[in-house]
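# Analysis of the macromolecular model
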Amino acid sequence: MIHHWVDGKPYAGTGTRNAPVTNPATGVTTDDVALASAEDVDAAVASARAAYPAWRDTSLSKRVQILFRFRELLNERKDELARIITAEHGKVVSDAAGEVARGLEVVEFACGIPQLLKGGFSENVSTSVDAYSILQPLGVVAGITPFNFPVMVPMWMFPIAIACGNSFVLKPSEKDPSAALFLAELWAQAGLPEGVFNVVQGDKTAVDALLEHKDVKAVSFVGSTPIARYIYETSARNGKRVQALGGAKNHMVVLPDADLDLAADAAVNAGFGSAGERCMAISVLVAVEPVADELIAKITERMAKLVTGPGDDPASEMGPLVTRAHRDTVAAYLSSSAEQGATLVVDGREGLPEGEGFWLRPTLIDNVTSGMDCYKDEIFGPVLSVVRVSSYEDAMELLHNNPYGNGTAIFTNDGGAARRFQNEVEVGMVGINVPIPVPMAYYSFGGWKNSLFGDSHAHGIEGVHFYTRTKAVTARWLDPSHGGINLGFPENA
Ligand code: NAD
């Protein structure tokens, strides 16, 4: 049984419900995960609350030493962690290693927290009066995370939250719960005091208990748009600070002057990497004519060489989908798109690997229009839809009318067109000849429109702002040589 982590050690909890955890490459259930009851959430929050005052008062130097030790341990054990991800998520090990590396970058960013927590100081704003601001932690903060990045997404949150002096309760996805416990053990080995980092496994019951809990001061969420909206509304109603990152439908625009080999490589990597189960995956290729036929030919040629297979086989380039139910949902879009008039250029239901894994191979659909289900919905699988348009303006109109605004990319050799695109597009993360423009740890990650509810993006300086609140102080200290109390502030300033 996969348990929770409270008070610096494994915690069995009181919940009586559990859920199966499955290896997506074999279809075999490998373990069960405990689903927390509201009392289990209470226990984790109580532990975090008890740990908070001492952690908040721990000096910055000491906090940073622990962060550096955590960074070193994570780096030493990153291959083990990547294999844990692959066993429960299904993605290929090299991809899982990449996710750990991106998480590590946020820890490295958080190691610079003394620099980031500096407030402002204005000397002598009035006679003998100074004004300054300080950044303080919030208290107990919670993170609720999706299945698709069981290491990277939680690490967008907790390294910075903890570095700022908060204590943290993580509720990972119940589909791949083990990585969170591995991270908890590394924190303990790094010397993080008990209770500063806790994990509650679970589903809606655990989430609702966190959203309702009076001692949880802020909630960071990453997941699908309907749940993000729910988290945002419920947390706000309960008076909590909240950032809720939602789903995506990312478009890649290819202009007629683009390098089509570069664009085809990018479309294949960004469309089918991690079986398309990435919030920054490209799912719509907007081909500005006359490039569509040539681009599709180049993409099809590359797709034929892509090896789908178990994530722990070094020969595999794409693994299975996360669950059987999700695979079936994704496959249903292949049927509906054909029924609705699109052309299935490559059908991912053909030539599947053997066995009971949740397989679907890369799929390419041409002649997709904005009214079709495969265009309207976030499919979250290895399915690339091609929409043919006749001009840059038509491409922009398509993007403008799409309710999501997470990531996008433009492929062109025209700097002016790229500059216009970056300025006009209503999307939070933009790539120019880069298909997956994931910001570095020192920038912030977040979309616009239905891809983010709240006003803070994740990590970078916005992450530091989210996990701190500012206090502005005005102080008067008289110079002893002054010879008396200056009662005249501000009139005699
Ligand atoms: P999900 O919304 O189903 O689940 C996310 C989290 O919410 C999980 O911890 C889950 O246990 C919990 N949850 C699920 N249903 C709930 C409910 N009814 N009430 C309360 N909590 C609930 O998402 P997922 O399937 O795990 O992940 C895939 C989704 O996440 C995709 O939509 C993807 O685009 C999105 N995502 C977005 C980003 C981003 O940065 N914007 C990053 C990664 C993933």
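Residues numbered from 1 in each chain as written. Predicted model: local features only at pLDDT ≥ 70, side-chain atom pairs only at ≥ 80, totals over all residues. Heavy atoms only, no water.

## Focus on the domain arrangement of the protein
According to the domain assignment, the protein contains domain 1 (4-246 + 451-473) and domain 2 (250-432). Between domain 1 and domain 2, the C-alpha centre-to-centre distance is 31 Å. Counting residues at the interface gives 20 residues for domain 1, matched by 24 residues for domain 2. A buried area of about 1,700 Å², summed over both sides, lies between domain 1 and domain 2, and 60% of it is on carbon and sulfur atoms. (Domains from an automatic or database assignment. Contact = heavy atoms within 4.5 Å. Buried area = accessible area lost by both parts, 1.4 Å probe.)

## Re unusual backbone geometry
The step from Glu-289 to Pro-290 runs through a cis peptide bond, and the omega angle for that step is 20 degrees. Structurally, Pro-290 is set in the loop between strand 13 (282-288) and helix 11 (292-305). Backbone geometry places Asp-7, a non-glycine residue, at a positive phi of 60 degrees. Tracing the chain through its elements places Asp-7 in the loop between strand 1 (4-6) and strand 2 (9-11). Even without glycine at this site, Lys-449 takes up a positive phi of about 50 degrees. Within the element layout of this structure, Lys-449 appears in strand 20 (residues 448-449). Given a relative accessible area of 27%, Lys-449 falls into the partly exposed group. (Helix = DSSP H or I, 4+ residues; strand = E, 2+ residues; numbered from the N terminus. Buried < 20%, exposed > 50% of the residue type's maximum accessible area, 1.4 Å probe, protein only.)

## Section: the packing of helix 2 (residues 60-76) against helix 4 (residues 93-110)
Close contact between helix 2 and helix 4 brings their axes to 9 Å; oriented N to C, the two are set at 160 degrees. With respect to helix 4, the axis of helix 2 lies roughly antiparallel. The hand of the helix 2/helix 4 crossing is left-handed. On the side of helix 2, the interface is formed by Leu-67, Phe-70, Arg-71, Leu-74 and Asn-75, while helix 4 contributes Leu-104, Val-107, Glu-108 and Ala-110. Of the residues belonging to the contact of helix 2 with helix 4, the class tally is six nonpolar, one polar and two charged. (Axes fitted to C-alpha atoms, helices over the stretch in contact; angles between N-to-C directions. Parallel < 35°, antiparallel > 145°, perpendicular 65-115°, else oblique. Left-handed = near helix turned anticlockwise from the far one by under 90°. Nonpolar A, V, L, I, M, F, W, Y, C, P; charged D, E, K, R; others polar.)

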